[in-house]
Protein chains: 4
Amino acid sequence: MSSFGTKIKLTVFGESHGDGIGVVLDGVPAGYKIDMDKLLLQMARRAPGKDKTSTPRLEKDFPDIKSGILNSTTTGAPIACVIENTNTKSGDYSNLLETPRPGHSDYTAYVKYNGFNDIRGGGHFSGRLTAPIVFAGAILRQILEQKGIKIAAHISSVGSARDESFNPTVISDELINSLNESSFAVISSEAEQSMRDVIEQARKARDSVGGVVECAVVGMPVGVGGPLFDGIEGKLSQAIFAIPAVKGVEFGSGFNSAMLKGSENNDPFEYKNDKVVTTTNNSGGILGGISNGMPIIFRAAFKPTPSIAVEQNTVNLTTKQNAKLVVKGRHDPCVVPRAVSVVEAMAAIAIFDMI
Amino acid sequence: MSSFGTKIKLTVFGESHGDGIGVVLDGVPAGYKIDMDKLLLQMARRAPGKDKTSTPRLEKDFPDIKSGILNSTTTGAPIACVIENTNTKSGDYSNLLETPRPGHSDYTAYVKYNGFNDIRGGGHFSGRLTAPIVFAGAILRQILEQKGIKIAAHISSVGSARDESFNPTVISDELINSLNESSFAVISSEAEQSMRDVIEQARKARDSVGGVVECAVVGMPVGVGGPLFDGIEGKLSQAIFAIPAVKGVEFGSGFNSAMLKGSENNDPFEYKNDKVVTTTNNSGGILGGISNGMPIIFRAAFKPTPSIAVEQNTVNLTTKQNAKLVVKGRHDPCVVPRAVSVVEAMAAIAIFDMI
Amino acid sequence: MSSFGTKIKLTVFGESHGDGIGVVLDGVPAGYKIDMDKLLLQMARRAPGKDKTSTPRLEKDFPDIKSGILNSTTTGAPIACVIENTNTKSGDYSNLLETPRPGHSDYTAYVKYNGFNDIRGGGHFSGRLTAPIVFAGAILRQILEQKGIKIAAHISSVGSARDESFNPTVISDELINSLNESSFAVISSEAEQSMRDVIEQARKARDSVGGVVECAVVGMPVGVGGPLFDGIEGKLSQAIFAIPAVKGVEFGSGFNSAMLKGSENNDPFEYKNDKVVTTTNNSGGILGGISNGMPIIFRAAFKPTPSIAVEQNTVNLTTKQNAKLVVKGRHDPCVVPRAVSVVEAMAAIAIFDMI
Amino acid sequence: MSSFGTKIKLTVFGESHGDGIGVVLDGVPAGYKIDMDKLLLQMARRAPGKDKTSTPRLEKDFPDIKSGILNSTTTGAPIACVIENTNTKSGDYSNLLETPRPGHSDYTAYVKYNGFNDIRGGGHFSGRLTAPIVFAGAILRQILEQKGIKIAAHISSVGSARDESFNPTVISDELINSLNESSFAVISSEAEQSMRDVIEQARKARDSVGGVVECAVVGMPVGVGGPLFDGIEGKLSQAIFAIPAVKGVEFGSGFNSAMLKGSENNDPFEYKNDKVVTTTNNSGGILGGISNGMPIIFRAAFKPTPSIAVEQNTVNLTTKQNAKLVVKGRHDPCVVPRAVSVVEAMAAIAIFDMI
């Protein structure tokens, strides 16, 4: 199903080269003021065409709100938004019908949908479907902010180029605001140049490169989530893995914690300004599936986008023989910079659904 | 909620030192024969007390089936099973009421449940709740096997001690069967000794150690799963993160794929015995959230169990002052060997729910 | 939530005088041919403005399909459709903000949404929201027909004017087809005139009148549904009560069965053409929540539409005093004729979700 | 699925002559005191064997609580309860395997479960499964009472014998309390005798008789529920139709409203003690799917129990020929008196899930 959530219900629709894409966001309470400029800023952060790190396809991505918002205020009815598909060049994708691209959903979708799926531009599998997700997330994070919960992510790495990590116990409002407005969100400004170099190198080689996004949710009340299937990790990971190209998710010290001793990994409690805090944050702000009031910190690994322009081995599903493929069309050499706002949006959606 | 699934519905109940724990598994079709010996073998693999790697608490863990199975055959009604709690020593845990253990759910549960939760033995947060999950998984994997789908996991690492990885494209029935019967499941027999050494070292230091479990689902039909929130990664990760102590989940090349180029990470297609296969399996058998017929391969990172017997800093919630804590009671120095069958069970549950 | 279903997921959005209304229908398998003329015919049956029985507001109600259908064939992606709101006269409703209409949702919605809901034209509560439901049902019933399942409803009564009942054991294709195309669906042509008289009388008195719709689902396979919360009655009633103005739902002999003896109400089984049938159909085709292969027959009671033009007692929520109200605007004296296709659509949606 | 609810999750398990039946109730907040005597009283009201109106089968129906309640207080963990099956005489049912009882689920269950379902005593379809539902409802209504919401039902009719109706606008605490403790709940004491006569007559004729239960939910806050699929009517009807033998549900003036004019059926608003009330209550306390603060009133029609001891026509599924059947065993001539507490319990469950 293309929907998510229990307290809210998010339903995403559309195909990359169809008439339009969009989202219905149900369960948002009435009476919240939505700042449209802040919303459009988030959508612009995800939109491609800003520079050489992304696909030259220009999308206006203007969200046409059909219902649920009146006078910039939520009405309590489902919020529905349609984004028209423009600037599509469907001719580019014609040979994919019989020769599926390695690493892409062409083959698996072909089997699942018996060849009836709209393959143009990736159809319902396109990264373009993250635009309505950013729209929905941009609404929910404005409401979360009114409750004191802020979300920020940055590019942790692109290939071998790395940014600093979040300080896991203290993340300043200043850093959050600066990341939230950036179209290439990094903590250390030196990291940006080395990352851009890695991306440019991949672009010139007609190749692509992966990366990691690190995300923090700051200001969580204590006691959200629950044991077993109600845990924050499970809910957040379900949302984050819905982003195309994500192949790993970890919380706090994550995979590294598997190398540690309990005495190293446990976060001691202490009172600080009459509040219970932990002096370290290896748990990523989550104990027993429940928020402990420290920043929730997680990382999502993005594989390199599979659409590359070098020749690859594949099969021809019609002739049932091995084949060679060179993918044409406009592609991102690295989706990670644009994915930052998508990760933030998904985190907002999952967190909102839990509180 | 302590429940999971759409086509099936798994509901886990119980508290570690209460009257009993158990599970209701709804949606299992009628007419499947269940081999009780195979089922009990899986429960025995998870049960503690087998050797020095685990807690000396002996549990019989006998599943008392209340409904849904008649003459060893599923009736189509919900399968309900109760496991009595015996051999509990609740006195051990009394001081945790006011001084929460670092790394454990004591503090967050205290806040969430206003102090009304059953704290004895971890209550509803106890790793003991994985026993009914193994029960449910043991039923579902028997049905999956009748459909040609097999699941096997092994201890990939304990601290710095490592096992071989699965060959991601070919996993033999022989290896699967041998892992499925092992109480210390490793591919390389040399790995076992070094892992046992690491665990024994932690036990002697009254400490604990984490590790990684790698799991493979072999024989998946092509076309299971879907885009966005219907993807296999999201569904599996939601189930795997419900296991206490899991802090990271990755599929295929996972976090390593973030370091790769597209040309390195894409898995070329080829025809092999008239079947479409990939020559590598960096995708972990999943493209666009949908199975491609290759083994589904994922890894789960387990943090070191937080229950350690060394002195730790914590707080006293009654006096609202910083405090020291030494946890008494019987604890696993490493939960990873016992977690192998839990990971397999959860994978069975999630996969069954998708097909 | 404005959504329904487990195997399919229907999400309805929109407000009567907002930008547009619509629906997302997720979970429809790929590869089904949809006949757009048949679909538009169903939408036309529901649309108002055909004659004096309904509101003179003319709506074009053209469904703009955004995704999920390509070349008149389902792609497997969510089917999204937007219907623009045109011909709205919002000025008519201004006084309802403080003086809620008796029998309408004005007061309860005001409390639930703190006054932020879009009250114009009934907002999200408008009967107009049934247009996207008819759209979704029209798609699903075409697929059901390809599986041999047909759905037909008729106006069973309007006020005291009554149509014949369905023959509960045999309903001909001829009757089904004729009802499916009719904009005033009755079995007995004499019934139509007496019903129109009742409606015209109500219209002239600036009043409204209620009625009953009887619906049959023919060609159900045996074995659909289940006990307890999985029963057909529960699923269908949940869908039917979602139609504005429905206040009662009964299956088979329904409320009349409460007057009967078991020996009168039980439907004897017999073999007919090697098939198990029942000689009567007091059960309405459902035993133990499960279809028995006979026609599923149910009736839905519609209260008279609360929007009437006579003076009524109400309150003024601003002055907190009792008040008088005369509702202006364009209203149906009887929604029942138009509701027939809505009941059929809802039945199609609920039945599709179960098979 | 044998489960219900969104905010709470109720899962019912068991087969009539299996090892045990029970329920898991998830989502109940921690810290609510549960009065076990009041709980057992409700279970006793449903239990059979009290007098000649019900089956002579004696059930102790003692709820063995496995988890979720400690020191008579909810812990926040799922509440699980098992009721052992005792006093079962399975031999009575042997001939039903091939000759399904008219009006019962034997045939439809046989087809759905391919003959693998546990047919003894009705298996998972048995009215006995309402015992755990009453258990769950008894917990939830205690919590609702702490929030000022009370639920009471009475036998509205048995065959042609009728009780008074609730005064739809004012229902006294005295009446509620008296009904809540009664094992034959009627408003008018004269009604009881005529109903008992009708039942006794049916019993002597080895027949059965149906009836209607009327239920009121008093003290609802304004603003609960919502439009479309979120309406109170849909939610309540889904729960009520899950009770075996219910074939009709209506709210307020229900089917009668279909005979009325809008000017007759609309409930005028007025201020009374500074509160908005309606002077009549034809809406049954629900406008636009949302509570308006007046008593929620609904009626459920129970068909006569199909288990009768007179000879009936049926089929032999083995020989594939028409057959005669005389059902042996112990049966209720009328389930309606015992159903009163089941209706109240289901109402409590559905209402709790909405607030």
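Residue indices begin from 1 for each chain and proceed along its sequence in written order. Chain labels run from A onward and ligand labels from 1 onward, assigned in the order the entries are written. Restriction of local features to residues with pLDDT of at least 70 applies here, the model being predicted, together with a cutoff of 80 or more for giving and counting side-chain atom pairs; totals for whole chains, interfaces and linings are based on all residues.

**Focus: the overall build of chain A**
So, step 1. In this description a helix means any DSSP run of H or I spanning at least four residues, a strand means any run of E spanning at least two, and both kinds are numbered starting from the N terminus. In terms of regular secondary structure, chain A is built from nine helices and 18 strands.
So, step 2. The size measure is the radius of gyration over C-alpha atoms, and the globule rule it meets is 2.2 Å times the number of residues to the 0.38 power. The globule rule puts the C-alpha radius of gyration for 355 residues at 20 Å, and the 21 Å found for chain A is close to it.
So, step 3. Dimensions along the principal axes, computed over C-alpha positions, put chain A at roughly 70 × 50 × 40 Å.
So, step 4. Relative to its full complement of 355 residues, chain A shows a buried share of 66%. Residue burial here comes from a neighbour count, namely the number of other C-beta atoms, placed from the backbone, that lie within 10 Å of the residue's own C-beta, with 20 or more meaning buried, 12 or fewer meaning exposed, and in between meaning partly exposed.

**Considering the interface of chain A and chain B**
So, step 1. Contact definition: two residues whose C-beta atoms, as placed from backbone geometry, lie within 7 Å. On the chain B side, the residues contacting the 86 residues of chain A number 86 residues.
So, step 2. Each residue gets one label: Ala, Val, Leu, Ile, Met, Phe, Trp, Tyr, Cys and Pro are nonpolar, Asp, Glu, Lys and Arg are charged, and the others, such as Gly, are polar. Along the lines of polarity and charge, the residues of the side of chain A that touches chain B split into 38 nonpolar, 37 polar and eleven charged.
So, step 3. Pairing between strands is defined by DSSP: at least two bridges between them are needed. Pairing of strand S11 (residues 246-251) of chain A with strand S11 (residues 246-251) of chain B, which is carried by three bridges, proceeds in the antiparallel orientation. From the neighbouring strand, A:Val249 faces S11(B), where its bridge partner is B:Val249.

**As for the relation of the copies chain A and chain B**
So, step 1. Relative to chain B, chain A is turned by 180° and slid 0.0 Å along the rotation axis, the superposed coordinates differing by an RMSD of 0.0 Å. On the angle and the small slide along the axis, the relation comes out as a two-fold axis.
So, step 2. A shared binding surface is used by both copies, with 100% of the interface residues of chain A retained as interface residues in chain B. The atoms used to superpose the copies are C-alpha atoms, taken from residues with pLDDT of at least 70 in both, and the fit is least squares.

**What about the packing of helix H1 (residues 36-46) of chain A against helix H9 (residues 336-354) of chain A?**
The relative placement of two packed helices is expressed as an angle between their axes plus a distance between the axes.
All names here are of chain A.
So, step 1. Axes, fitted as lines to C-alpha atoms, cover a helix only where it is in contact. Angles between the N-to-C directions of the axes lie from 0 to 180 degrees. Between H1 and H9, the least distance of the axes is 7 Å, while the angle of their chain directions is 140°. On H9, the residues that touch Gln42, Arg45 and Arg46 of H1 are Arg338, Ser341 and Val342.
So, step 2. For the contact of H1 with H9, the residue count by class is one nonpolar, two polar and three charged.

**Here we look at the sheet that holds strand S4 (residues 64-67) of chain B**
Residue and element names in this part refer to chain B.
So, step 1. Read across the sheet, five strands follow the order S1-S2-S3-S7-S4 without closing on themselves; strand pairing throughout is antiparallel. Whereas interior strands pair on both sides, the edge strands pair on one side only; in this sheet they are strand S1 (3-4) and S4.
So, step 2. Inspection of the sheet shows strand S2 (residues 9-14) paired to strand S3 (residues 20-26) by six bridges, in the antiparallel sense. When the sheet's bridge partners are listed, Gly14 is paired in S3 with Ile21.

**Description of the pairing of strand S7 (residues 79-84) of chain C**
All names here are of chain C.
So, step 1. Burial within S7 is extensive, with five of its six residues counted as buried.
So, step 2. The pairing of strand S3 (residues 20-26) with S7 spans six bridges and is antiparallel. When the sheet's bridge partners are listed, Gly22 is paired in S7 with Val82.
So, step 3. Examined bridge by bridge, strand S4 (residues 64-67) and S7 share three bridges and lie antiparallel to one another. Its bridge partner lying in S7, Asp64 is registered against Val82.

**Some remarks on the sheet that holds strand S3 (residues 20-26) of chain A**
So, step 1. In space, the five strands of this open sheet follow the order S1-S2-S3-S7-S4 (chain A), with antiparallel pairing throughout. This sheet does not close on itself; its edge strands, each paired only once, are strand S1 (3-4) and strand S4 (64-67) of chain A.

**Focus on the packing of helix H1 (residues 36-46) of chain C against helix H3 (residues 130-146) of chain C**
All names here are of chain C.
So, step 1. The interhelical angle for the contact between H1 and H3, taken along N-to-C directions, is 145°, at an axis separation of 9 Å. With respect to the hand of their crossing, H1 and H3 are arranged in right-handed fashion. Contacts from Lys38, Leu39, Gln42, Met43 and Arg46 in H1 reach Thr130, Ala131, Val134, Phe135, Ala138, Ile139 and Gln142 in H3.
So, step 2. Residues of the contact of H1 with H3, tallied by class, amount to seven nonpolar, three polar and two charged. Helix crossings fall into two classes, left-handed where the near helix is turned counterclockwise from the far one by less than a right angle and right-handed where it is turned clockwise.

**Things to note about unusual backbone geometry**
So, step 1. Of note, C:Asn273 is a non-glycine position whose phi angle comes to about 50°, a positive value.
So, step 2. For C:Asn273, a count of 5 C-beta atoms within 10 Å corresponds to the exposed category.

**Some points on the confidence of the model for chain A**
So, step 1. Predictor confidence is given residue by residue as pLDDT, running from a minimum of 0 to a maximum of 100. Summary statistics for chain A give a mean pLDDT of 93 and a share of 93% for residues scoring 70 or more.
So, step 2. Across the whole predicted complex the pTM is 0.95, and at the interface the ipTM reaches 0.95.

**Brief notes about the environment of A:Leu40**
All names here are of chain A.
So, step 1. Inspection of the secondary structure puts Leu40 in helix H1.
So, step 2. Judged by C-beta crowding, with 16 C-beta atoms within 10 Å, Leu40 ranks as partly exposed.
So, step 3. Separated by 21 residues in sequence, Leu40 and Asp61 have C-alpha atoms that sit 9.2 Å apart.

**Notes on the environment of D:Val326**
Residue and element names in this part refer to chain D.
So, step 1. Relative to the assigned elements, Val326 resides in the loop between strand S18 (321-325) and helix H9 (336-354).
So, step 2. A C-alpha to C-alpha distance of 4.6 Å links Val326 and Glu311, two positions 15 residues apart in sequence.
So, step 3. Setting aside chain neighbours within four positions, we find Val326 in contact with Ala309 and Glu311.

**Thoughts on the pairing of S18(D)**
So, step 1. In this sheet, S18(D) lies alongside strand S17 (residues 312-316) of chain D in antiparallel orientation, the contact comprising five bridges. Bridged to D:Val315 within S18(D) is D:Asn322.

**Considering the environment of A:Leu287**
So, step 1. Summarising the element assignment, A:Leu287 is placed in strand S14 (residues 286-287).
So, step 2. Classification of A:Leu287 as buried rests on a count of 28 C-beta atoms within 10 Å.
So, step 3. Separated by 60 residues in sequence, A:Leu287 and A:Pro227 have C-alpha atoms that sit 9.2 Å apart.
So, step 4. Residues within four places of A:Leu287 in sequence aside, it is in contact with A:Asn292, B:Gly103, B:His104, B:Ser105, B:Tyr107 and B:Thr108.

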